[in-house]
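# A structural walkthrough
Below, each chain spelled out in residue letters.
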Amino acid sequence: MQPTAQQDVRGPLPEGLARAIRETAGDIATLLKTTSGTAAPIPDSEWTVGEAAAHLALANELLADLAAGYERPYGDGTPQSLASANAQTLAKFGQRGAQPLAAMITEQAGVFLDAVDRVTRDESAPSPPLVTPLGPMDRHVLASYMLTHMLGHGYDLARALKRPHMIDRDRVGLCMPFMLSVMPRVVDADAIADLTVRYAIRLRGGAEFGVSLGDGAIDVSPTPLERPDCTILIEPVTFLLIALGRRNPWRAIGQGQVLAWGRRPWLAPRFPTLFTAP
């Protein structure tokens, strides 16, 4: 593998992010250690528990390599190419045991954080942005990506094993740098082709951001927009689960976890349909 050669944002990870990565990996490992087998199906998925855990272990290894500055081609960012890459790597990797996979998930999370820490401490070393399966990212966004990815699949494992999941408001907040970065990459071009609207998204007690759509283009702002057409207030965990394709938005609206107002509040249910979860 050859190191990449571009520039990257330096400095320590945002407060709490490294701890959240370690704790989430540990929570997933604990889940796996409670099961006597990994053949149970993941709800609403073609994978079993063993396959989902194997994917997590391999993904953590991939992200650890990227954090160290190595190139690891993995699809072209489209859902179809990522699904194909996932299938190919799982076919080559035969481990499905709960204990070995739990160990690998936590080990590779630690390797990732060690790689980030080395770059942070060595100011003379090259610090490239990392060519990831979802586009170039600095290490801060990559760390947010790792956390988001583990939370999504950790939620799946918890559902399959009938255990509490590990997503909470604080961890969702730490996922937001990745979520805002990736939105333009996962937008559905056909869905936004005829849409002109300004959304303000507010996570209850947390982040606020804006999304402007027009002429088939999208602009994501890390701060709220002035005079939005539709303001959406949503419970943070619900936001992440909807964004990752794990929660039905209509059910969340029916349960009062999503509220909307503004000049065009009827566009709120359309918002999640504008994106395709990778």
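Look above for the structure.
Overview of the structure.

The next thing to look at is the environment of R227. Tracing the backbone through its elements, the reader meets R227 in the loop between β5 (217–221) and β6 (230–234). Look at R227 and you get exposed, because its relative accessible area is 63%. Taking C-alpha positions, R227 is 8.7 Å from G262, a pair spaced 35 residues apart along the chain. Setting aside chain neighbours within four positions, we find R227 in contact with R198 and R263.

Pairing in this open sheet of five strands is mixed, and the strands run β5-β4-β3-β6-β7 from one edge to the other. Across the chains shown, the open sheet's two edge strands, defined by having one partner strand only, are β5 and β7 (258–261). For this sheet the average axis-to-axis angle between neighbouring strands, irrespective of direction, equals 20°. Sheet topology places strand β3 (residues 197–203) next to strand β4 (residues 208–214); six bridges connect them, and they run antiparallel.

As a further point, take the nonpolar core. Within the largest apolar cluster, 93 residues are counted, with the highest numbers of intra-cluster contacts made by I21, F112 and Y199. Looking at this core element by element, the count peaks at 13 residues for helix α5 (residues 139–161).

This part is about the pairing of β6. Counting buried residues along β6, five of its five residues qualify, which places the element largely inside the surrounding structure. Side chains C230, I232 and I234 project from β6 onto one buried face, and the interleaved T231 and L233 project onto a second face that is buried too. Taken together, the five bridges between β3 and β6 define a ladder with parallel strand orientation. For L203, the partnering residue across the bridge sits in β6 and is I234. Two elements, β6 and β7, share four bridges in a ladder whose sense is antiparallel.

The next thing to look at is the environment of G173. You can see G173 is positioned in helix α6 (residues 169–186). In this structure G173 comes out as partly exposed when scored by relative accessible area, which is 40%. Measuring from C-alpha to C-alpha, the distance between G173 and A207 comes to 6.7 Å, with 34 residues separating the pair along the chain.

With that out of the way, let us pick up the side chain of S212. When you line up the elements, S212 lands in strand β4. Its relative accessible area of 17% is what places S212 among the buried residues. Residues in contact with S212, not counting those within four places in the same chain, are V197, R198, A217, I218, D219 and L225.

Across all of its chains, the model carries four aromatic pairs by this definition. A centroid spacing of 6.0 Å and a plane angle of 65° characterise the contact between F209 and F239, whose relative ring orientation is edge-to-face. With a gap of 30 residues between them, F209 in strand β4 and F239 in helix α8 (residues 236–243) connect regions that are remote in the sequence. Residue classification places F209 among the buried positions, given a relative accessible area of 1%. These aromatic residues form a ring-pair network of at least three members: Y199, F271 and F275.

Conventions adopted
- Residues numbered from 1 in each chain as written.
- Predicted model: local features only at pLDDT ≥ 70, side-chain atom pairs only at ≥ 80, totals over all residues.
- Heavy atoms only, no water.
- Helix = DSSP H or I, 4+ residues; strand = E, 2+ residues; numbered from the N terminus.
- Buried < 20%, exposed > 50% of the residue type's maximum accessible area, 1.4 Å probe, protein only.
- Contact = heavy atoms within 4.5 Å.
- Pairing = 2+ DSSP bridges.
- Axes fitted to C-alpha atoms, helices over the stretch in contact; angles between N-to-C directions.
- Core = buried A, V, L, I, M, F, W, Y, C linked by side-chain atoms within 4.5 Å.
- Phe/Tyr/Trp six-rings, centres within 6.5 Å; stacked < 30°, edge-to-face > 60°.

Taken by themselves, the reported measurements are silent on function.
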